[in-house]
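Breakdown of the fold
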Amino acid sequence: MSATRRVTVIGLDGATFNLLDRLRAAGDMPELDRLMRAGCHGELRSTFPPLTPPAWSSFMTGKNPGKHGVVSFRRPPIGYRTGDFISAKSLRARTLWEIVGEAGLRVGAINVVPSYPVQPVNGFMVACMLSPPGAQDIIYPREFRPLLGDDYVISLEPPKQLVATDPDYRTQALDYLGRLRRLGLSRREVALRLMEKSPCDLLALILYEPDRVQHFFWKHLVGSGPEGGDAAVVAELAEAARAIYRDLDQTIGAIVRAAGPDATTLIISDHGFGDAPDRFVYVNRWLADRGWLHVHRTWRLRLSAVRRLPDRLRKRLDTVENIFVDWSRTVAWCDAMETRSAGLWLNVKGRQTEGCVEPGAEYERLRDEIRAALADLRDDGRPVFDVVARREDVYEGPVTEQAPDLLLYCKPSHGLRFNGLRPELRARAPFARFVEYGFTGAHQPSGIYIAAGPSIAPLGRRETKPIEALAPTILALLGLPIPDGMDAPPMIEFLTPEAREATPVRYVADTARAEGGDEGAYESEQDREQVEARLRALGYVE
Ligand SMILES: [Zn+2]
């Protein structure tokens, strides 16, 4: 196979054409504009949930979460406790880095989620946002550590909340945008240094900035700003946010030039973005109202008893699950995965410690009953959910049975509360006004793909593709066979007739991953707590 086949993937976390088209029209993203005109582009359908870890996992494995096993930021709960955070060790399918590296080609992966702890690869790997802050083992090979620089930061913690009516809103917001901008510039330098030091056949660089900007500033960039926001401040912040996209555009240009004229460029996002919802739906409150979830009548007593225990015991027992919920009578509970996606669990005998639902006919009957009732649920006459599906209707593969029993996706109007069990059970009604950290934007399933380069035909706008189509496409572009079991065909219809002739699609038997589904990626409790603090700051855990 020709040695000049190379692929560069630039991942823009959370990017959507709904914003990028505006920025292109305003002249903020000339490099992106040029690539879009030169090749083809369309919407990229994210995973369920449309969330960073499952979506990038599907990108790098070509498989749905039922096969790679990463469904959210956390592993499935053990009993009733929320599961621990996922890591690179949670992946149960082989990644592009393994497949391409084993074929003798050189790879470079920067910040692809999950990639902590870093694995040995034929090339280099820089860990993702799930690395504990201050961790030293964030790059493979270790000798490359100086290339990251002394002040290398993987991910920035946003302020606890950015609410437009707070007195220091403007200062806080400008400070955050300024820090994000500096981070983006240093990431560009790091990527260029690594590319120079270790040229790759396949390079993937994920840039988190669009996601971080859009959670807080979506309505500044697309619309008239958040409720109660001062128009002059909104305009000032929108301008500061646009500067980050201008920088990103220059980063795209610099990376594409550094990769050379013969490389194929793929610009993709893991999920899209849109307006944050207006209303909360408290699914656990609703389950309690329907008699499917029971609160201990004695919860106050239980709480005061637990609070008197010695520290270590108290820490273990002072959980909402332990104090509030009467599991012996509870049929189901709900856990948010991202703003509009949730998993609903049944309390199954033999699976949960105090399970009371018999597996088999009773399980199916209750699951159907709850599913029908949720599909019918209305707030002020409007339906609340877009999707209420059984897990086997969404996922396919051996890990499906570890996913929640029902998967829920809200209409654009509604959103869910993270770690909502306690606040929802204390709420009076199953609906409330949506307020979450000052978010004005939220994830949507439609991301983007753009393909350009000498092998790509100038076809313009094309149909929607699933995120699982990227891995087989990349393998085909590199002249490598595609392992069986990937969930989409390669997008070879985008190739020029000559390139297509030189790119026969071949399949080989898939091999299992050497390790996968392992527990315990974090070496210490402190590392785990630091990762938790970061995710809390990003609004993913409470
Ligand atoms: Zn993301």
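Worth saying up front: this structure is predicted, and the values here are computed from it rather than measured.

This brings us to the overall build of the protein. From N to C terminus, the protein includes 18 helices and 23 strands. Expressed as a percentage of the 542 residues in the protein, the buried residues total 51%. Contacts spanning at least 24 positions in sequence make up 72% of the contacts within the protein whose residues lie at least 6 apart.

Relative orientation of the contacting elements helix α7 (residues 209-221) and helix α8 (residues 231-259) amounts to 145 degrees, with a least axis distance of 10 Å. α8 is crossed by α7, and the crossing has left-handed handedness. Residue-level inspection shows E209, V213, F217, H220 and L221 of α7 in contact with α8, the latter providing V234, L237, A238, A241, I244 and L248. Counted by class, the contact of α7 with α8 contains nine nonpolar, one polar and one charged residues.

A few words on the domain arrangement of the protein. As far as domains go, the protein holds domain 1 (7-276 + 442-537) and domain 2 (279-293 + 330-435). Summarising the inter-unit geometry, the C-alpha centres of domain 1 and domain 2 are found 29 Å apart. Elements represented by at least two residues in the side of domain 1 that touches domain 2 include exactly α4 (65-68), β8 (272-275) and β18 (441-444).

Most of strand β2 (residues 40-45) sits inside the fold, with five of its six residues counted as buried. Bridge count between β2 and strand β20 (residues 460-461): two bridges; the pairing is parallel. Bridge assignment links C40 to a residue of β20, and that residue is G460.

Now for unusual backbone geometry. A negative phi angle characterises most non-glycine residues, just as the trans form characterises most peptide bonds. Cis geometry marks the peptide bond from F48 to P49, where omega comes out at -10 degrees. By the element assignment, P49 lies in the loop between β2 and α3 (52-61). In this structure, the amide linkage connecting Y140 to the following residue, P141, adopts the cis form with an omega of -5 degrees. Assignment of secondary structure puts P141 in the loop between β5 (139-140) and α6 (169-197). The phi torsion at N111 lies on the positive side, around 70 degrees, for a residue other than glycine. When you line up the elements, N111 lands in the loop between β3 (107-110) and β4 (123-126).

Below, the discussion takes up the environment of W345. Mapped onto the secondary structure, W345 falls in strand β11 (residues 341-346). Overall, W345 belongs to the buried group, with 20 C-beta atoms counted inside 10 Å. Each residue touching W345, except ones within four places of it in the same chain, is listed here: A332, W333, D335, P404 and D405.

This part covers the packing of helix α2 (residues 30-38) against α8. Packing of α2 against α8 leaves a shortest axis separation of 7 Å and a crossing angle of 55 degrees. When the interaxial angle is binned, α2 and α8 end up oblique. Residues P30, E31 and L32 of α2 form the contact with α8, whose own contacting residues are D249, Q250, I252 and G253. Among the residues forming the contact of α2 with α8, the class breakdown is three nonpolar, two polar and two charged.

This part takes up the sheet that holds strand β16 (residues 414-415). Read across the sheet, three strands follow the order β16-β9-β17 without closing on themselves; strand pairing throughout is mixed. Edge positions in the open sheet fall to β16 and β17 (431-433), since each of these has one partner strand only. With three bridges joining them, strand β9 (residues 279-281) and β17 adopt antiparallel strand pairing. Paired with R279 across the strands is R433, a residue of β17.

About the thresholds
- Residues numbered from 1 in each chain as written.
- Predicted model: local features only at pLDDT ≥ 70, side-chain atom pairs only at ≥ 80, totals over all residues.
- Helix = DSSP H or I, 4+ residues; strand = E, 2+ residues; numbered from the N terminus.
- Buried ≥ 20, exposed ≤ 12 C-beta atoms within 10 Å, placed from the backbone.
- Contact = placed C-beta atoms within 7 Å.
- Axes fitted to C-alpha atoms, helices over the stretch in contact; angles between N-to-C directions.
- Left-handed = near helix turned anticlockwise from the far one by under 90°.
- Nonpolar A, V, L, I, M, F, W, Y, C, P; charged D, E, K, R; others polar.
- Domains from an automatic or database assignment.
- Pairing = 2+ DSSP bridges.
- Parallel < 35°, antiparallel > 145°, perpendicular 65-115°, else oblique.

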